[in-house]
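As a plain string of letters, each chain reads:
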Amino acid sequence: MDNPTTGGQADSSTLSRQKVWDIPTRLFHWALATTVLAGWYFGEFRTFTTIEWHFYLGYATIGLLVFRILWGFVGPVSARFSTIFASLKHLIPYMRKIARREPSGVAGHNPLGGLSVLALLAVLTVQTTTGLFAEDDAFFASGPLSSHARSDWVLWANQIHHQSSRILLILVGLHLCAILFYHVWKRENLIGPMVTGWKWVRPSKH
């Protein structure tokens, strides 16, 4: 059992190892990472033989998003939107002490992580929705709803789909940088809990 505070300033006795992430949430996280990154690759470097994979991965991402939205209402406390939105109240105080070289010890998403989750879900919703209407004349491919939309709507969907993919890459990059920052500076492993479900948590103050 690794100690998250080795070399840090926090007293390890103030943290306890608790089960935070349920199996469906963890499976969703890694499945979404796979479909999004693979979907981006097959979209950015598409060919006549791989363009269909871009669409299939998009459909899979839509399915995962539908699950996550539903899970955000009926899932365990750590996965619920009510918990994420409640954490945003503490965003500014949390950011004021983020430079402390100690684990945050937050059960579930910390305020910054909660904001990241909401941003990613919002951008992915835009990305997948516009993809249903988009067309790629160069590869004779189109989304399943493009034939039911006006040409100006399809053109707009193409533009938004392209721009939101760039925003998505920025958010993914920030997410990876945050993981590295927490691991190196704050001595907090964020990847392990999303694999095992167990996380070092600081007792809540009542």
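Cut-offs used in this document
- Residues numbered from 1 in each chain as written.
- Predicted model: local features only at pLDDT ≥ 70, side-chain atom pairs only at ≥ 80, totals over all residues.
- Heavy atoms only, no water.
- Axes fitted to C-alpha atoms, helices over the stretch in contact; angles between N-to-C directions.
- Helix = DSSP H or I, 4+ residues; strand = E, 2+ residues; numbered from the N terminus.
- Parallel < 35°, antiparallel > 145°, perpendicular 65-115°, else oblique.
- Left-handed = near helix turned anticlockwise from the far one by under 90°.
- Contact = heavy atoms within 4.5 Å.
- Buried < 20%, exposed > 50% of the residue type's maximum accessible area, 1.4 Å probe, protein only.
- Nonpolar A, V, L, I, M, F, W, Y, C, P; charged D, E, K, R; others polar.
- Polar contact = N/O pair within 3.5 Å; in protein donor to acceptor, adjacent residues only side chain to side chain.

Considerations on the packing of helix α2 (residues 51–74) against helix α5 (residues 111–133)
Part 1 of the argument: The contact between α2 and α5 brings their axes to 10 Å, and the two run at 135 degrees. Judged by the inter-axis angle, α2 sits oblique to α5. When you trace α2 past α5, the crossing you get is left-handed. Side by side, α2 and α5 meet where Phe55, Gly58, Tyr59, Thr61, Ile62, Leu65 and Arg68 of the first sit next to Leu121, Leu124, Thr125, Thr128, Gly131 and Leu132 of the second.

Thoughts on unusual backbone geometry
Part 1 of the argument: Backbone geometry at Arg187 places phi at a positive 55 degrees, although glycine is not the residue there.
Part 2 of the argument: Judged by relative accessible area, Arg187 falls into the partly exposed class, the value being 21%.

Some details on the packing of helix α1 (residues 23–44) against α2
Packed helices, taken two at a time, are described by their axes: the angle between them and the distance between them.
Part 1 of the argument: Where α1 meets α2, the axes come as close as 9 Å, and the angle between the chain directions of the two elements is 150 degrees. Overall, the two elements α1 and α2 adopt an arrangement that is roughly antiparallel. Considering the relative orientation of α1 and α2, their crossing is left-handed. Contacts between α1 and α2 pair Pro24, Thr25, Phe28, Ala31, Leu32, Thr35, Val36, Ala38, Gly39, Phe42 and Gly43 from the former with Trp53, His54, Leu57, Ala60, Thr61, Leu64, Phe67, Arg68 and Trp71 from the latter.
Part 2 of the argument: Partitioned by chemical class, the residues of the contact of α1 with α2 number 13 nonpolar, six polar and one charged.

With respect to the side chain of Thr130
Part 1 of the argument: With respect to the element layout, Thr130 can be found in helix α5.
Part 2 of the argument: Within the local environment of Thr130, its side chain forms a polar contact with the backbone oxygen of Val126, the two atoms lying 2.8 Å apart.
Part 3 of the argument: At 3.1 Å, the side chain of Thr130 forms a polar contact with the backbone oxygen of Gln127.

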